[in-house]
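What follows is the residue order along each chain.
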Protein chains: 4
Amino acid sequence: MRQPGRHFLQIPGPSSVPDRILKAIGQQTIDHRGPDFADVGKAALDGMKTIFKTNQHVFIFPSSGTGAWEAALVNTLSPGDKVLMFETGHFASMWSSMARKIGFTPEVIEGDWRGGAEPDRIEARLRQDTHHEIKAVCVVHNETSTGSVSPIEEIRKAIDAAGHPALLMVDSISGLASIDFRFDEWGVDVCISGSQKGLMLPPGLSFNAVSEKALERAKSVTMPRSYWDWHDMVGPNSNGYFPYTPSTNLLYGLNEAIEMLHEEGLDQVFARHARHGASTRAAVRAWGLEVLCARQGDESGVLTAVLVPTDYSADNFRATTLKHYNISLGNGLSKVADKVFRIGHLGDFNDLMLMATLSGVEMGLEKAGIPHQSGGAQAALDHLKQSTTCPSDTQNS
Amino acid sequence: MRQPGRHFLQIPGPSSVPDRILKAIGQQTIDHRGPDFADVGKAALDGMKTIFKTNQHVFIFPSSGTGAWEAALVNTLSPGDKVLMFETGHFASMWSSMARKIGFTPEVIEGDWRGGAEPDRIEARLRQDTHHEIKAVCVVHNETSTGSVSPIEEIRKAIDAAGHPALLMVDSISGLASIDFRFDEWGVDVCISGSQKGLMLPPGLSFNAVSEKALERAKSVTMPRSYWDWHDMVGPNSNGYFPYTPSTNLLYGLNEAIEMLHEEGLDQVFARHARHGASTRAAVRAWGLEVLCARQGDESGVLTAVLVPTDYSADNFRATTLKHYNISLGNGLSKVADKVFRIGHLGDFNDLMLMATLSGVEMGLEKAGIPHQSGGAQAALDHLKQSTTCPSDTQNS
Amino acid sequence: MRQPGRHFLQIPGPSSVPDRILKAIGQQTIDHRGPDFADVGKAALDGMKTIFKTNQHVFIFPSSGTGAWEAALVNTLSPGDKVLMFETGHFASMWSSMARKIGFTPEVIEGDWRGGAEPDRIEARLRQDTHHEIKAVCVVHNETSTGSVSPIEEIRKAIDAAGHPALLMVDSISGLASIDFRFDEWGVDVCISGSQKGLMLPPGLSFNAVSEKALERAKSVTMPRSYWDWHDMVGPNSNGYFPYTPSTNLLYGLNEAIEMLHEEGLDQVFARHARHGASTRAAVRAWGLEVLCARQGDESGVLTAVLVPTDYSADNFRATTLKHYNISLGNGLSKVADKVFRIGHLGDFNDLMLMATLSGVEMGLEKAGIPHQSGGAQAALDHLKQSTTCPSDTQNS
Amino acid sequence: MRQPGRHFLQIPGPSSVPDRILKAIGQQTIDHRGPDFADVGKAALDGMKTIFKTNQHVFIFPSSGTGAWEAALVNTLSPGDKVLMFETGHFASMWSSMARKIGFTPEVIEGDWRGGAEPDRIEARLRQDTHHEIKAVCVVHNETSTGSVSPIEEIRKAIDAAGHPALLMVDSISGLASIDFRFDEWGVDVCISGSQKGLMLPPGLSFNAVSEKALERAKSVTMPRSYWDWHDMVGPNSNGYFPYTPSTNLLYGLNEAIEMLHEEGLDQVFARHARHGASTRAAVRAWGLEVLCARQGDESGVLTAVLVPTDYSADNFRATTLKHYNISLGNGLSKVADKVFRIGHLGDFNDLMLMATLSGVEMGLEKAGIPHQSGGAQAALDHLKQSTTCPSDTQNS
C-alpha cells in the first residue's frame, strides 16, 4: 500500500536532501582529469574551508564518515600510540573501538551519555600525563546517539591549561553546518565530518579539516596508509584535482550545498537549529517525557533523544509512527537501545516541517500507547510563535 | 535570503507534485508518431477512464482546464444555444462568462457562494422550460473558490425528474481524483478536469470525459471548432495517438499519477481527503473563525475557505504566512477577495503535511494579528488521532 | 530487449531535450498567482521577444502549435473572411484545412512541395484582389514536411509591392530558433511557433508573436474566441501573469532554453543549422539519393527530406533503422508518404551527433536494401572538416 | 561560449551515465537502518554476484576503486608479505606502488605495456618460489592505460600448474560488466571493481568479490584494518545492511544498472563491446595509425589506445578535439604520456555513438594536423555494417 505524501526522514542523519542538491547530483558525470573539473574540485575544497571556518587544510574522501575517522587516526599516529577519548555516547565508543582495532591505544574517560565531554576531566588527565604519552585528545562535537554537544573551545583551553602538546581531534560528523563550529578560532587540529547531516547530501563523502601542526605531524608518523594519506592529496588538490577518482556527482551536490548554506547564512542556520531544538524540548516537557541530554547547555540543535517510560519499547513506538504516519525516527543505540528515540531536526528544515514532525511523534505516542500528556505539539507551536523566524526580524531584534 | 526547508504549496491547486511524477516528466521526449508512443497514449487514455469511472470516452488536451471548459461547450452547443448554469462561486461565474463570450446564452441560477448547486432549484427551472430551449445544465462539482461540493448524482436525478433532455456538464477540475466522482453511474454527459489538482501534475493537461449521448450531439451542433474537436480525436486515440502533437512529457507524468492513485486506492484517496477536510474544520472552529461553506454536507475535502474577521485583510495574512513560514495559501476571489483565505489539502498529502499546514496558519494568524483563539492546530491533531489513518485499520473497522 | 546507448531522436521535432531543460522542467510547481511567479512569467514573455526579434507582442499558450495556428486565425479574422495560403507542403495544407473547418475562406496557391512559397505568385494574386477581400497572407516559414524554407522578407515586399493591406501571418513552428527569423525587421504581423523544435522543449507550449497592427485588428473582428483571445492576455501579461493557469513547468524549461540560445548566440545557432543542412545534403548526394527540396536556396537547416528510389518503401527503411540502430527518422506525410524520410538536424545538436545520425542512415540504407552508394557519412564528415565549427574560428573568418 | 549538443565522454571511464541511472541516483535518501533499506541493500549485494558470476562473497565500499585495491590487500596479507604483480601498464604499476607504500613486498614482472599479463612468466616465477613466500598473484584484467586484456583463466591454470597456493587477485575495475569475467568458473580469489566503468554509474562505489579461501585467509592475517574489513561486513550484509553508512543514492543507481545489464543480457553486452573494439581498430588502421596493444587477442573491448606519430603531441590533439568537437578522450599515462590517446567505447554505448566518437577523432586528427589517412570513420562504419547488431539477428546467425 502506497503511503501518500512526503516521507519525513527525521533521523539524525541522513537528513532529507533538498531538490536543488538532488538535481545537482543528477547531472552528467564529467572527466575528473579534464579542464572543467578543476572548477568543481576547487569550489568544493575552498568552499569546505568556509564551512569549517579554517584557512588551513581540508581533504575530501569518497567514503562514509567512518573512513574519515580512520583517516584522522592513521595520518597522525604511529602504531601503539596512546589517544585520550571521551565517551559521550555510542559514536565516541565506536571511534575508540576503531582506534584499538587498527592498533592504537585509546584511553577512554567514561561518561554517563547524558551530556558532552567535560573539559575539567580532560585537563586533569592530561596533567597526569607528564611524559606526554597521549598523542591526541579525541572528542565528539555533537554526539548523534544522545543529542549532547561538547564544548570544543573549552576543551582546547583545557589542553592548553595542562600545557600538553596533544593534538585536538574532533568528530563533528553530525555537528558541522548545523551548530557553531570554528576550526581555526577554537584551535582544533583535525575535524572529521560527513556529507549526510548538516551538509544535506546523501552519504558518500567525508572530510578532514587539518591544522598545519597535524599535517606536519603526518610526515613523521609511521602508520601505513595509502587511500587516506593526506600528503598524497596536497599536490593534486592545489589545482582542484584528486590523486584518485573522486565522487564527482556528490561533489556537484556539495558545491550546491555550500552555496545554499551561504545563501541562508551560517549564523542563521545555527540559530534555526538552536530554536528548533528548544521547541522540541518544550514539546517533550509537555508530553511529560524526559530528554536524554541532562546537562544544561549541552542540548543539541541537531537532534533530541527522548527517553520512553520504563517498560515501554521505543522501537515499537518508532515502528508504529513509521507505519501510521510515514515518519522515520532514530533508534536508541547500544546501552540506550529501545529506551530512547531520537528526533532529527537538522538539515534543510523549517518551522512547518518541525511541527509536522512533532505532530507525528504525538500521534505515534497515542497510537503506540506510550503514557504521555497530550499537547506537546501545541507547546512547540507556542514556543515557535514566541521566538523569531524571519531574518529581517532577527536583524531588528 | 533563502528560506530553508520545503515550501508548502497549500493553495487549492496546483498541488505539490510528488517526486515520482517530476521524475517521470523529466524523461526524454520520444517520437509521438513512433511505435513506442502508442503505449504511453493508451495508458493515459485508458487510465483516465478508470479515474473518471467511465466506459465511454475520454479526451486529453494539451491545455489548461480553461480550454477543457471551452471544449465542452463548443462540441455540444450551436451558436446562441441556452445553457443553465448554477453560480456556486467564482469559477462557475467564469465559466458562464466564457459561454457568453463565445456566443452561447447562459442563464445563471444565483447562489450565495456558501454551498454547492441546489438540485431542487435546477429541477424547478427545467420544469418551466417546456420547449427544451435549455441544451445543457452546467455545474461545478468542487467549487475551488469556496470549498463547496455540488451533489452531482442528485442533480442528475433532478434533470430526470423534470423529464428534461438537457446534457449534464460538470466541471470537476478540482474535484476529480480527490473526492468521489462516478461519471457513468451518476449519468454525467461531459466532465471537465485538469492535471494540476487531484492528479498531482503540473498544469498543462486538461480532460473531457464524454458520454455517447454527448458525442452524438457533437455531430450535429454547428459551433466552429478545430483544436477542441472531439471527433478529430476519436480515430487516432483508438490506437493511442493524437491528431496533433500531444504534451508527451506531461503524459509520462499522468501515467505515473494514475498508477499512484491506484496503488493507494481511489476509495482510500477520497477517505483521506474527507478526513483532512474534517480536521481542518476542527482547527477553524477552535480558532473561532468561520468556514465559508455554510451548508452542511457540502464541505469539500479538497480545500477549506476560511473567513477572516471583518476589517481584517486575508491577503495581508497570506503575505505574512508566505514571508515568515514558507507556505502559500489561496486567496479570496472576486466577491470574497481579501475576505477569505483558502487552505488546500489536496493531492499527494498526509497527516503530517496537514499538521505542518495548520501550524503555519496558526502561526500566521498570530503574526498577522488576526483575532483568534490559539489551539486550532492541536484541535486538528486531536481529530486526526481519533480518526483512522492506516489502511489495515480501515479494513478492520 | 533493451537497446543500449542513447536513442537518437532525429525527427524534425520534437527535438532531443537537453538535460538542463529537463532538469528545469522537473522543478517543483509554484503558485502561478504568487509573487515569485512574476519573474518566471516575465522572463518567458520578454525572452521570447528576443527570439522572435520583436518589440511588439508575444503571447504564450498552454497548447500544441496547432492551437497557435487557430489563435492566429481567430484573433484576426471574422467568419467567412478570405485568406491567401501557399501550399508548400503538408503543414501548409493542414493550416488551410483548419481555416476552412472553423469558417474562414482559404484560397490556396498550389505548390509542388519542392520549395518554399513564391513571392511573385503571391504578389500576382494580391494585385488581382482589387477589393482587398483577402484579409491575410499565410505562409509556412520552414515547411516541416519537405525541408523547404520560404523567403519571408521577400513575401512582405511582394505584399507591399501589390499595395495590399493583408496581414502577413507566418508559421515558424519548426523554423524559429533554428533558422534566421526577424519579426519586426521583416514586417510580419503574426508568427506562430511551438516549443518542441528549435526551442528544445517538450511539446506543450505555443506562441503568437503579434504586430500592433494585428492586435488592433483583433479588436474589430467578430470570430468568437476565449481561450485564444489575445486581448485577455495583455493585462495579466504586463505583470508576468496569465489570465488562466499557465503551464508552469514548461515555462521553467522555456526560460532555460532562451538562456541557452543566447549563451550560444542566435547567429551561431543559425550558422550551425545551415552547416549541418549542407553536410547532410553532401551525404545524400554521395549516396546517390535525391533531396526533396529542389529549389536552390530554399533548403532547410532544420531538416532534410530524402526521396527513396521508386518502388522502395521509406517507411520500411525507417522501421529498420529504428529497430537496428536506435534512431527515429521522420516519415513522409500525405502525398509523399512512404516516398521520403526526413532527417531532423535541429535543436541542441552538434557535429558528432550529426555524424551519428548520418552513419545510422547509411547503415539503415544498407540493412534495408535501399539502392545507394556507400560513402555518404564520409562525404558529410569531409564537408564538416572543411567548414568552420569553433566560434573563435568564426570570428576570425 | 556554450558548446551545443551532447558532450561525448569517451574516456575509458567514467563512462557516460544513462538517464535511468541518473534518475535513480536522484531519488530521496532513505534511512539506511530502516526496514525499506534491506531491499535496496540485498538487491545490490545479490545483484553484484550475478555480475561477478560468483556464489561466494561480494563486498561494497563507499569509496573509489583505489580503496578496493587497498581492501583486497589489507584483508589477505600480513605486513611484509610478498605479492607477485604483473606490470601490464600504469594501473598495475600504481597498484604495486600502493602495496609497497602500505608495507607489503611486491615483486613486479616487467611488461612492455603492449599486451596483457603472461601466464607462462607467472608460472615460471611461481615454480621458483619453492617456499611459497608469494602470498598472492595480482593482475589487472583490463589495463585501462593500454587497452590490453589479461587472460585470467590461463593465469589461474598457470598458478595451479605451478602447484602454488598463492591467491589470485584481479583488478577488473574497468573490465567488469564490459568484457567477459567469471569469478567462480575461473577460480579467482579476489576481484576488485568500481562503479564508473561498465556499471555505468558515477564514481563512488567499489567492490571486492571474495572467495571462501580468501575470506578464510582474512581471519589470520595481521594487517590492521577497519574501514576495509571484510569480516565486519559479513553479518550486516546478510540482511541487506552495512556496518557503517552506505552510499545510499549510488546504491539506487547500482540496482538500476544491474537491471539494465540483465535486460540487455551480459553476453550481448560483451559482444557489443568486442564488436566496437574491432570497429575502432579498423578505423585506426585506416588512419594509418598504430594501436598500442600489440599482442593479438589481448585487444580490449573497453577502450583502444592509439599511438600518435613520433614528434606529435597526443595531448594537444585531445585538447583540440575537446575544444572543437565537444568530445573528451583519455590521455596517455606515465611512460606513454603525450604519446597515446585513448578512445573509451564502454558503458551504455551503441553503434551511432561509436560513429560519433570516431568521426570526432578523425575531425580532430585533421584539425590538429596529425599525419593520417582520411577514411577511418568510414572503415569503422563498413565494419559495423558487416557485423551483427540486432539481438534477433544474433540469435538467428
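Scoring rules and cut-offs
- Residues numbered from 1 in each chain as written.
- Chains lettered and ligands numbered in written order.
- Predicted model: local features only at pLDDT ≥ 70, side-chain atom pairs only at ≥ 80, totals over all residues.
- Contact = placed C-beta atoms within 7 Å.
- Helix = DSSP H or I, 4+ residues; strand = E, 2+ residues; numbered from the N terminus.
- Least-squares fit on C-alpha atoms with pLDDT ≥ 70 in both.
- Axes fitted to C-alpha atoms, helices over the stretch in contact; angles between N-to-C directions.
- Parallel < 35°, antiparallel > 145°, perpendicular 65-115°, else oblique.
- Left-handed = near helix turned anticlockwise from the far one by under 90°.
- Nonpolar A, V, L, I, M, F, W, Y, C, P; charged D, E, K, R; others polar.
- Pairing = 2+ DSSP bridges.
- UniProt positions renumbered as here; feature names shortened; annotations may be inferred.
- Expected span 1.5 Å × (residues − 1).
- Buried ≥ 20, exposed ≤ 12 C-beta atoms within 10 Å, placed from the backbone.
- pLDDT = per-residue confidence, 0-100.

Before going further, it helps to examine the interface of chain C and chain D. Listed by partner, the interface residues are 37 residues for chain C and 37 residues for chain D. When residues of the side of chain C that touches chain D are traced back to their parent elements, those giving at least two are α10 (248–264), α12 (314–325), α13 (351–368) and α14 (376–386) of chain C. It is α13 of chain C that provides the largest number of residues to the side of chain C that touches chain D, a total of 10 residues.

This part takes up the relation of the copies chain D and chain A. Superposition of chain D onto chain A requires a rotation of 180° combined with a translation of 0.0 Å along the rotation axis, giving an RMSD of 0.0 Å. Between the two chains, the operation in question is that of a two-fold axis.

What follows deals with the packing of helix α14 (residues 376–386) of chain A against helix α13 (residues 351–368) of chain B. Where α14 of chain A meets α13 of chain B, the closest approach of the two axes is 10 Å, and the angle between their N-to-C directions is 40°. Between α14 of chain A and α13 of chain B, the angle is such that the two are oblique. Here α14 of chain A and α13 of chain B pass one another in a crossing that is right-handed. Contacts from Leu381, Leu384 and Lys385 of chain A of α14 of chain A reach α13 of chain B at Ser359, Glu362, Met363 and Glu366 of chain B. Within the contact of α14 of chain A with α13 of chain B, the residues separate by chemical class into three nonpolar, one polar and three charged.

This part is about the sheet that holds strand β10 (residues 205–210) of chain C. Residues and elements named next belong to chain C. One open sheet holds the seven strands; their spatial order is β2-β10-β9-β8-β5-β3-β4, and the pairing between them is mixed. Of all the strands in the sheet, the pair left with one neighbour each is β2 (57–62) and β4 (105–109). Each strand of the sheet is rotated relative to its neighbour by a mean of 20°, with strand direction disregarded. Across six bridges, β2 lies against β10 in antiparallel orientation. In the sheet register, Ile60 faces β10, and the bridge partner there is Phe207. Across the sheet, helix α4 (residues 90–101) lies against β3 (82–86), β4, β5 (134–140) and β8 (167–171), angled at about 165° from β3, the strand it touches most.

Glancing now at the environment of Thr50 of chain B. Within the secondary structure, Thr50 of chain B is located in helix α2 (residues 37–52). Along the chain, Thr50 of chain B and Ile258 of chain B lie 208 residues apart, while their C-alpha atoms are 8.6 Å from each other.

Residue and element names in this part refer to chain A. Here the UniProt-annotated "modified residue: N6-(pyridoxal phosphate)lysine" (unreviewed entry) positions come out as Lys197. Counting through the fold element by element, Lys197 comes out in the loop between β9 (190–194) and β10 (205–210). Apart from the residues within four sequence positions on either side, Lys197 is in contact with Gly13, Ser15, Ile173, Ser174, Ser178, Leu346 and Gly347.

All names here are of chain A. With 12 residues, helix α3 (residues 65–76) extends 17 Å between its outermost C-alpha atoms, agreeing within 8% with the 16 Å of an ideal straight helix rising 1.5 Å per residue. With 12 of 12 residues buried, α3 is to be regarded as a mostly interior element. Three or more residues of α3 are buried, namely Gly65, Thr66, Gly67, Ala68, Trp69, Glu70, Ala71, Ala72, Leu73, Val74, Asn75 and Thr76.

Quick look at the confidence of the model for chain A now. All names here are of chain A. Averaged over all residues, the pLDDT of chain A is 96; the fraction at 70 or higher stands at 98%. Taken together, the stretch residues 390–397 has pLDDT below 50 and engages in seven contacts with residues farther than four places along the chain or on a different chain. Across the predicted assembly, pTM comes out at 0.97 and ipTM at 0.97.

Further remarks concern the pairing of strand β5 (residues 134–140) of chain A. Residue and element names in this part refer to chain A. Within β5, seven of the seven residues are buried, leaving the element largely enclosed by the surrounding structure. Bridging between strand β3 (residues 82–86) and β5 involves four bridges; their strand directions are parallel. Among the inter-strand pairings, Val83 is bridged to a residue of β5, identified as Ala136. Bridge analysis of β5 against strand β8 (residues 167–171) gives five bridges, and the strand direction is parallel. The residue of β8 that forms the bridge with Ala136 is Leu167.

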